[in-house]
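Below, each chain spelled out in residue letters.
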Amino acid sequence: MVHLGRISVREWKKPKINVSSPVPKGKLHKAAQTVAFLLLASSAAFSLLQLFSLPHAELGKAHLLSVTILFVSHSRSSLSFLLESRNAVQCSPPPPPSFFLSDFLFHLIAERKEPAGLLRTHITVNEKPLKASKEEGLPQTSHCSSLIDGSEDSGETGFLCCDRSSYRSDVCYMKGDIRTSSSSSAVHLYHSGSLNLKEEKIRPYTRKWERNITETIDEIKLKPVPTSLNRRHSCHVKHQSPAVLFSTGGYTGNVYHEFNDGLIPLFLTAERFKGNVVFVILEYHAWWMNKYGPIIQRLTKHEIVDFAKDKRTHCFGELIVGLRIHDELSVNPGLTKSGKDIHDFQAVLAQAFRPPQNEPRQTPSRPRLTILTRKGSRVLLNLKSVLRIANKAGFDVETLCPRRNSDMGQIYRVVHSSQVLVGVHGAALTHFLFMRPGSVFIQIVPLGLNWAADAYYGEPARKLGLDYVEYQVRIGESSLSREHNATDPVLVRPESVNSKGWWETKRVYMDRQNVQVDTKRFRDLLARAYRRVVRKQELGSS
């Protein structure tokens, strides 16, 4: 068993990767294998360079990584060792067994690009990320948008349109005789032939401004087909309910993106169907369903369709392709037909993970404070001191290091029962969504990450109704102060470093920085948090 604070989860078994049989003896064969390895490594490095837009300076690193992975993959035990070693450093488990080696390579690079789960990791140097992605103004009012949101009815069959007005995602709508064709990565709409419909193409993922990551998503062709062509279009499974087709590729594997890019947009798009909707998933992962199945079951009453593996023709009368998305980890009630907000999504989480009413519950004598811990980078170096301070301040203290295969229900119950949540900036802070409104959320903000900390976690936490507090790390509390002289711009002018682009911010402030909070300053902060919690408890009991 692996123990995370008081949480215990079953240790995930080592993955079984298909590897080639042992190489026969003979110098000629060994030489041929070496050449093949080098060719594959060069090809992999070039592909990774194109896929992730790696700077040319990174090409050598990508090539080395490819050679290493190919060499290690020749040994089943060595590959398992590599997976476990990466897990130990990144405080996240190895990929689930449904991942093949290509998935492993992708996630290894994706995590290397984005260990904190920040939203925009591929922004060009000259792009203004907040202005570029913020959904402003009134709700979309186009006819197609209204059909997607359910505020209008097309009044006809044989209808196909796409709303591409959002900076974040494209969403398409189909109505009529709709039939899937996974073998051709298409969905066909059969019609009388009198309609002037054009074929549409879409990659149904909610980060369309990130071209490099969007291009990794399978493209779906939405093809109008006149019935006059007399093509055979049998129906293996006929559904009486509408469907939503979306992808769980991209940054899936990072908890921030799993919620921000997937689960919240899925709630926004599918909630209006009240469970009477079929989910058709591209790039389906069994581990994702195991982890988030309780949430999915609250959004649909039907079985999931794995688009790639299910070769049967599924027939629908109505289909939405792609997902709506608003702001970071939030739901904008002004952009929803029903006025839903983030608290309605929280209600779904509660239904999914709240323990049964008859389960015995312990009533703690003191308020609970949970600390989310990290490994690798942005580590809280004096964690033990912080634990002692929190205990003396009057809290029962938990430590929690969420892993990719951790039981989400157990994490929910620990965080939901906590009056205070503390953590250094990173993807695990996404779990603040499990907190009750009015709880205290303390984000420790490393040097140079002020804007990101507020945009991705601070603002969403305030929208949720949390008592959000930032602990701004000072120069002397950052490990960078021991690597740079006192006048270095890295320390005294972080904005000048950030102005060079995301890669520089990531290299300097994300990947190479740990923090050691000032115990006196942090003690004062926790004392204020304790007084807030006690005051709220007294008001609640009066």
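What you see is a predicted model; the values in this text were computed from it and never measured.

All right, on to helix α12 (residues 408–416) then. At 3.6 residues per turn, the α-helix brings residues three or four places apart onto the same side. Every buried residue of α12 is listed here: M408, G409, I411, Y412, V414 and V415. The distance from a side-chain oxygen at the start of α12 to the backbone nitrogen of G409 is 2.9 Å, and the residue carrying that oxygen is D407.

Attention now goes to helix α10 (residues 342–353). For α10, with twelve residues, the first-to-last C-alpha span of 17 Å sits near the 16 Å given by 1.5 Å per residue. Residues of α10 that are buried: I342, F345, Q346, V348, L349, A350, A352 and F353. Its side-chain oxygen 3.0 Å from the backbone nitrogen of H343, D341 forms the N-cap of α10.

Moving on, we come to the sheet that holds strand β16 (residues 440–445). In space, the five strands of this open sheet follow the order β14-β13-β15-β16-β17, with parallel pairing throughout. If you trace the sheet from one side to the other, it starts and ends with β14 (396–400) and β17 (467–472), each paired once. Adjacent strand axes in the sheet meet at a mean angle of 20° when their direction is disregarded. Here strand β13 (residues 368–372) runs beside β14; their pairing, made up of five bridges, is parallel. The residue bridging L372 from the neighbouring strand is L400, located in β14. Across the sheet, α12 lies against β13, β14 and β15 (420–424), angled at about 130° from β13, the strand it touches most.

For the rest of this paragraph, the subject is the nonpolar core. When a protein is soluble and globular, its nonpolar side chains tend to lie buried together. Counting 63 residues, the largest nonpolar core has F259, F432 and F441 as the members making the most contacts within it. For this core, the element with the highest residue contribution is helix α8 (residues 255–270), accounting for nine residues. Ignoring anything within four residues of it in the chain, the contact list for F432 reads L329, L421, F441, Y457, P460, A461, L464 and L466. Listed in part, the 24 residues of the second largest apolar core include V422, V424, V473 and F522.

Here we come to the pairing of strand β10 (residues 278–282). Across the five residues of β10, five count as buried, placing the element largely inside the fold. Across the two faces of β10 the burial is the same, with V278, V280 and L282 and F279 and I281 all buried. Bridging between strand β9 (residues 243–247) and β10 involves five bridges; their strand directions are parallel. Bridge pairing in β10 places A243 opposite V278. Since β9 and β10 lie parallel, the crossover through α8 that links them has a hand, and here it is right-handed. Once you follow β10 into helix α9 (residues 286–299) and on to strand β11 (residues 305–306), the crossover reads as right-handed.

Here we take up the confidence of the model for the protein. The pLDDT averaged across the protein works out to 80; a share of 71% of its residues lies at or above 70. The model gives residues 1–25 a pLDDT under 50, and that stretch makes 49 contacts with residues more than four places away or in other chains. Low pLDDT (under 50) marks residues 46–90, which in the prediction has 83 contacts with non-local residues, meaning those over four places away or in another chain.

For the pair α8 and α10, interaxial distance at closest approach is 10 Å and the crossing angle is 95°. Compared by their axis directions, α8 and α10 come out roughly perpendicular. Within the contact between the two elements, α8 uses F259, L263, I264 and F267 and α10 uses I342, D344, F345, V348 and L349. Class assignment for the residues of the contact of α8 with α10 results in eight nonpolar, no polar and one charged.

On to the packing of aromatic side chains. A complete count under the given rule lists 18 aromatic pairs for this structure. Taking 6.0 Å as the distance between ring centres and 25° as the angle between the ring planes, the aromatic pair formed by Y167 and W209 counts as stacked. Here Y167, found in the loop between β3 (159–163) and β4 (171–181), pairs with W209, found in the loop between β6 (200–202) and α7 (211–214); they are 42 residues apart in sequence, far enough to count as distant. For Y167, a relative accessible area of 33% corresponds to the partly exposed category. Each ring, one from Y256 and one from Y456, has its centre 6.3 Å from the other, and the planes form 70°; the classification is edge-to-face. Of this pair, Y256 sits in helix α8 while Y456 sits in helix α13 (residues 450–464), and the two are 200 residues apart along the sequence.

Here we take up the pattern of salt bridges. According to the stated counting rule, one finds 28 salt bridges in the structure shown. A salt bridge links R272 to E318, with the nearest nitrogen and oxygen atoms 3.8 Å apart. In this pair, R272 is assigned in the loop between α8 and β10 and E318 in strand β12 (residues 314–321), connecting sequence segments 46 residues apart. Close ionic contact of R366 with D396 constitutes a salt bridge, the shortest N to O distance being 3.3 Å.

Here we take up unusual backbone geometry. Not every positive phi belongs to a glycine, and S185 is a case in point at roughly 50°. Tracing the chain through its elements places S185 in the loop between β4 and β5 (186–191). With a relative accessible area of 27%, S185 lands in the partly exposed category. Positive phi, normally seen in glycine, also occurs at R378, with a value near 55°. Among the structural elements, R378 can be located in the loop between β13 and α11 (383–393).

Cut-offs applied
Residues numbered from 1 in each chain as written. Predicted model: local features only at pLDDT ≥ 70, side-chain atom pairs only at ≥ 80, totals over all residues. Heavy atoms only, no water. Buried < 20%, exposed > 50% of the residue type's maximum accessible area, 1.4 Å probe, protein only. Helix = DSSP H or I, 4+ residues; strand = E, 2+ residues; numbered from the N terminus. Polar contact = N/O pair within 3.5 Å; in protein donor to acceptor, adjacent residues only side chain to side chain. Expected span 1.5 Å × (residues − 1). Pairing = 2+ DSSP bridges. Axes fitted to C-alpha atoms, helices over the stretch in contact; angles between N-to-C directions. Contact = heavy atoms within 4.5 Å. Core = buried A, V, L, I, M, F, W, Y, C linked by side-chain atoms within 4.5 Å. Right-handed = clockwise from strand over helix to strand, strands pointing away. pLDDT = per-residue confidence, 0-100. Parallel < 35°, antiparallel > 145°, perpendicular 65-115°, else oblique. Nonpolar A, V, L, I, M, F, W, Y, C, P; charged D, E, K, R; others polar. Phe/Tyr/Trp six-rings, centres within 6.5 Å; stacked < 30°, edge-to-face > 60°. Salt bridge = Lys/Arg side-chain N within 4 Å of Asp/Glu carboxyl O.

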